[in-house]
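Chain by chain, the residues run as shown.
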2 protein chains.
Amino acid sequence: MSAAASARRVDPSAEIVVFEQGDHVSYAACGIPYYISGLQKDIQGLVVYTPDYFERERNIRVLTGHEVLEIEQRARRVIARNRQDGSIAARSYDSLILATGAAPRVPAIPGLDGERCFTVRDLHDAIRLNDYLDNERPGHGLILGGGWIGVIFAEAFLQRGIRVTLLEKEDHILAGFDREIAAIVEAVMKGHGVAVEKSVSLRECIAHSHTRSLTVKTQKGDFHADFLLSAAGVAPRNSLMPGTHLAGVPIPTDDRMRTSHEGIYACGDCTSAYNLVAGRYVYHPLGTTANKQGRVAGENAGGRHALFGGILGTQAVKVFELEVARTGLTSAEAKKMGLKTIEAITTSPSRARYVPGGSPITTKVIVEPSSGRILGAQMAGLQEVAKRIDIFVPMLHNRMTVRDAVTLDISYTPQCSPLWDPVLFCLRKAQEMLERG
Amino acid sequence: MSAAASARRVDPSAEIVVFEQGDHVSYAACGIPYYISGLQKDIQGLVVYTPDYFERERNIRVLTGHEVLEIEQRARRVIARNRQDGSIAARSYDSLILATGAAPRVPAIPGLDGERCFTVRDLHDAIRLNDYLDNERPGHGLILGGGWIGVIFAEAFLQRGIRVTLLEKEDHILAGFDREIAAIVEAVMKGHGVAVEKSVSLRECIAHSHTRSLTVKTQKGDFHADFLLSAAGVAPRNSLMPGTHLAGVPIPTDDRMRTSHEGIYACGDCTSAYNLVAGRYVYHPLGTTANKQGRVAGENAGGRHALFGGILGTQAVKVFELEVARTGLTSAEAKKMGLKTIEAITTSPSRARYVPGGSPITTKVIVEPSSGRILGAQMAGLQEVAKRIDIFVPMLHNRMTVRDAVTLDISYTPQCSPLWDPVLFCLRKAQEMLERG
């Protein structure tokens, strides 16, 4: 919808039609955990704009309940089925924007398609899960996958009074973070009573209809629960893209969000984004990137020349009282790319020690030793971690070195930071490590 | 002391001597309001390191109670008086670092040198003021000057149960901020019961010894109180610098913190700093800048080649529940420099609306219309304002344009920001204003 609204903004007279196979557009998918936890009682509170709003205020035709079956690229037509009456109709276009999003990846073991097995991607999924929780009042849930979605739902279930066991296939949770930072998150989760099992190979899920429960068999033994949530990541929905044969591959675009087919743009979770630090396209689906890409695709489709500036792999999560955030490359990612790194890790206070309410922040800065260039940063702590990571964002965007960054004129006031903010404190340690060589 | 410690770090064998006319070194001057408010009971809590610590752990000789009378630049000698025994001695040097700081400016009206008139700069001043408050239990204080020091002490006095009237000579408080942002601070202060009078010309202060109170006469009438605090800014202490004839002028240095005299460095509040946005040296004395300059001066004096990267005019203040912060140029500063500007002002939420605890943040971004370059930013709000201003810091350092900054990959998680963080939201408005021309 951000693409459609941007196209309208740059071209007030174009005919703009949106096909949506479900009932909802423009909703806050990131708010679903708050609906599941009970903090947000009404699912309508997650709807940002209704189809009606777009029709009325933006003159954008929104066809909900319409499944696009095929794109006829040469004829520049879309073939769509009206799910209500089953009718099929073609619609021609000048420009087409693919914003088909992503679908949950479900671990490839038998039994995960049963009744008490859930994935959560859209509002329908959320309602289905919530109805189950309301009606059956389960006492214990299993989460398959310790990425940020699994971690957030662990908190949501716990807030709803449901005991949680989280199974992670790797040897640490939060694959997008390095081990030291993930360990802080794991400790907080365990402190709240979440059982976390790592290095787990799933084998099979068995449903027990008499007890309305299930057992997940793994190499580490059996895990019993009332229900499970698969949170094993997502895969781009690319099947509508003409000429695509491989499932799970993002639709390639350039920095104007144009695909290889003339007149067809793609944006959001169905496509990839250029990571400016990695120097290549990566699949890192996030709402904020999707929104920006949507604007760029919409503006270009509407006749403007707009560019998407690329991403840095920034991400923030709040888990219980803890904020964790990252930007740029992790050590693990840098290593995979064959880069040599220096890694500074510090733990330093969030505020001057003579004002109350401060707490320690753990910071990790990853540096290329030959150039001194900052490659990435990660932080964990109770206060203002996400916005502190954002300070690194324009540093990375501008390829700053530690030497230049360490004297940056970052704000200081006792109630918001110590004289040496954790950001600069860790950069200072990195600088000392570089000087020692 | 940051200069001395840095010199020691780069040269383990040098003889390092510090002359300090008072009793304390290395204390948190920014913590004094917390001592006055009663939050920090013990003044020793503001002392970071004692002279003993430096002697013992860093092999730095600290001569407290020693007033430097003169620097003999040709002979490379310092003449100092021991305040305890009155003896005068000369001491030679290879490198000398001037870190003489700043002195309070007192408004030039008669009567401000009396008994119940205070300035607060160092721990001695703080103890003197605190003793007065303890012993005389005054009910009403006047603050002369609505800069950030005046504003912070207004809160400190109020927390101590003292009614406060603040007199400001300009037509808005917080001269370092633009009118719209200062107005938000003023409203919060008034909401807490601080009386704020603006456009006040001071004429005279009259002490009443029988009532132990005083009257400040102004063109707007008489203001009565038990005591007053002058908070009308500070002036660099430059008198020791050989060849200096003008009071109140910062000691000029280059980016290695070298003065025009060989072997003499200067750093901190006695000197100026190069403002990277303004493109010139400005006097903007702040602890964080002083600390960084001290490190650079110390490293250079110790034989290393270190550069100070300049400042951006960043500043943050917390006043009651409100955080305000700035970086770069204000509109007023840009106008004084003859620059044309576009100014985007937005008020937008700090968090996603479906999570509790969010609040509006007012953001102002100042842009050069011809280039689209961001010249400055200011923010006010209840949450994470200081660290959000810091996101602008590397943008300004790297002379980013609005166009490049508006798609920066800034973090998003519902509990820490909405999908469009106030930083990007305001940049987006600036971009739309630029596009409309």
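Residues numbered from 1 in each chain as written. Chains lettered and ligands numbered in written order. Predicted model: local features only at pLDDT ≥ 70, side-chain atom pairs only at ≥ 80, totals over all residues. Heavy atoms only, no water.

## Side note on the relation of the copies chain A and chain B
Phase 1: The transformation that overlays chain A on chain B combines an axial shift of 0.0 Å with a rotation of 180°, and the residual RMSD is 0.0 Å. One copy is carried onto the other by what is essentially a two-fold rotation axis. Measuring from the rotation axis to each C-alpha of chain A, the shortest distance belongs to Ile391(A), at 2.2 Å.
Phase 2: Residue by residue, 100% of the interface of chain A is reproduced at the interface of chain B, so both copies engage with the same surface. (Least-squares fit on C-alpha atoms with pLDDT ≥ 70 in both. Contact = heavy atoms within 4.5 Å.)

## Considerations on the packing of aromatic side chains
Phase 1: According to the stated counting rule, one finds 20 aromatic pairs over all chains in the structure shown.
Phase 2: On the basis of an interplanar angle of 75° and a centroid distance of 5.7 Å, the ring pair of Tyr49(A) and Phe54(A) is categorised as edge-to-face.
Phase 3: Judged by relative accessible area, which is 33%, Tyr49(A) ranks as partly exposed.
Phase 4: With relative accessibility at 2%, the residue Phe54(A) sits in the buried group.
Phase 5: With centroids separated by 5.1 Å and ring planes inclined at 40°, the aromatic side chains of Phe118(B) and Tyr132(B) adopt a geometry described as tilted. Here Phe118(B) is found in strand 8 (residues 117-118), whereas its partner Tyr132(B) is found in helix 4 (residues 123-136), with 14 residues between them in sequence. This pair shows no difference in class: Phe118(B) is buried, exactly as Tyr132(B) is.
Phase 6: Counting every residue linked through ring pairs, the aromatic cluster contains Phe118(A), Tyr132(A), Phe153(A), Phe157(A) and Phe227(A). (Phe/Tyr/Trp six-rings, centres within 6.5 Å; stacked < 30°, edge-to-face > 60°. Buried < 20%, exposed > 50% of the residue type's maximum accessible area, 1.4 Å probe, protein only. Helix = DSSP H or I, 4+ residues; strand = E, 2+ residues; numbered from the N terminus.)

## Observations concerning the sheet that holds strand 13 (residues 213-218) of chain B
Residues and elements named next belong to chain B.
Phase 1: In space, the three strands of this open sheet follow the order 12-13-14, with antiparallel pairing throughout. Of all strands in the sheet, those with a lone pairing partner are strand 12 (202-208) and strand 14 (221-225), marking the two edges. Across the sheet, the mean angle separating the axes of adjacent strands is 20° when strand polarity is ignored.
Phase 2: As paired elements, strand 12 and strand 13 share six bridges and run antiparallel to each other. The residue bridging Cys205 from the neighbouring strand is Val216, located in strand 13. (Pairing = 2+ DSSP bridges. Axes fitted to C-alpha atoms, helices over the stretch in contact; angles between N-to-C directions.)

## Considering the pairing of strand 14 (residues 221-225) of chain A
Phase 1: Two elements, strand 13 (residues 213-218) of chain A and strand 14 of chain A, share five bridges in a ladder whose sense is antiparallel. Residue Thr218(A) lies in a different strand from strand 14 of chain A, and its bridge partner there is Gly221(A).

## A closer look at the interface of chain A and chain B
Phase 1: With 64 residues of chain A in contact, the opposing surface of chain B contributes 64 residues.
Phase 2: Of all residues in chain A, the largest losses of buried area upon contact with chain B belong to Tyr354(A), Lys387(A) and Asp409(A), amounting jointly to 15% of the total for that side.
Phase 3: Summed over the shared surface of chain A and chain B, the number is six salt bridges.
Phase 4: Among the ionic pairs, Asp421(B) bridges to Lys387(A), the shortest N-O distance being 2.7 Å.
Phase 5: The interface formed by chain A and chain B includes 26 residue pairs in polar contact (both at pLDDT 80 or more).
Phase 6: Of all the secondary structure elements, the ones that give two or more residues to the side of chain A that touches chain B are helix 7 (287-301), strand 20 (315-319), helix 9 (385-397) and helix 11 (422-436) of chain A.
Phase 7: Its residues assigned to classes, the side of chain A that touches chain B comprises 28 nonpolar, 19 polar and 17 charged. (Buried area = accessible area lost by both parts, 1.4 Å probe. Salt bridge = Lys/Arg side-chain N within 4 Å of Asp/Glu carboxyl O. Polar contact = N/O pair within 3.5 Å; in protein donor to acceptor, adjacent residues only side chain to side chain. Nonpolar A, V, L, I, M, F, W, Y, C, P; charged D, E, K, R; others polar.)

## Things to note about the pattern of salt bridges
Residues and elements named next belong to chain A.
Phase 1: Applying the stated criterion across every chain, the model contains 54 salt bridges over all chains.
Phase 2: Between Arg212 and Glu115 there is a salt bridge whose closest N-O contact spans 3.3 Å. Taken together, the residues Arg212 in the loop between strand 12 (202-208) and strand 13 and Glu115 in the loop between strand 7 (102-104) and strand 8 (117-118) connect sequence positions 97 residues apart.
Phase 3: Taken together, the shared-partner salt bridges connect Asp178, Glu180, Glu343 and Lys364 into one network.

## Things to note about helix 11 of chain A
The α-helix winds at 3.6 residues per turn, so residues separated by three or four positions along the chain end up facing the same way.
Phase 1: With 15 residues, helix 11 of chain A should cover 21 Å at 1.5 Å per step; its first-to-last C-alpha distance of 21 Å lies within 8% of that length.
Phase 2: Backbone geometry just after helix 11 of chain A places Gly437(A) at a positive phi near 80°. (Expected span 1.5 Å × (residues − 1).)

## Remarks on the packing of helix 1 (residues 2-10) of chain B against helix 7 (residues 287-301) of chain B
Residue and element names in this part refer to chain B.
Phase 1: Helix 7 packs onto helix 1 with a crossing angle of 35° between their chain directions and a minimal axis gap of 7 Å. Helix 7 is crossed by helix 1, and the crossing has right-handed handedness. On helix 7, the residues touching Ser2, Ala3, Ser6, Ala7, Arg9 and Val10 of helix 1 are Ala290, Asn291, Gly294, Arg295, Gly298 and Glu299.
Phase 2: Residues of the contact of helix 1 with helix 7, tallied by class, amount to four nonpolar, five polar and three charged. (Left-handed = near helix turned anticlockwise from the far one by under 90°.)

## A word on unusual backbone geometry
Phase 1: One non-glycine residue, Arg137(A), lies in positive phi territory at about 40°.
Phase 2: Turning to its location among the elements, Arg137(A) is positioned in the loop between helix 4 (123-136) and strand 9 (140-144).
Phase 3: One non-glycine residue, Arg212(B), lies in positive phi territory at about 50°.
Phase 4: Relative accessible area serves as the criterion here: at 32%, Arg212(B) is assigned to the partly exposed category.

## Focus on the side chain of Arg8(A)
Residues and elements named next belong to chain A.
Phase 1: Within the element layout of this structure, Arg8 appears in helix 1 (residues 2-10).
Phase 2: Here Arg8 occupies a buried position and makes no salt bridge, while the nearest side chain of opposite charge, Asp11, is found at 5.2 Å.
Phase 3: From its side chain, Arg8 meets the backbone oxygen of Asp11 in a polar contact 2.9 Å long.
Phase 4: A polar contact of 2.7 Å, which involves the side chain of Arg8, links it to the backbone oxygen of Asn59. (Lys, Arg positive; Asp, Glu negative; His and termini not counted.)

## Thoughts on the sheet that holds strand 12 of chain A
Residues and elements named next belong to chain A.
Phase 1: One open sheet holds the three strands; their spatial order is 12-13-14, and the pairing between them is antiparallel. Looking at strand neighbours, the two that pair on one side only are strand 12 and strand 14, the edges of this open sheet. Each adjacent strand pair in this sheet contributes to an overall mean axis angle of 20°, direction not counted.

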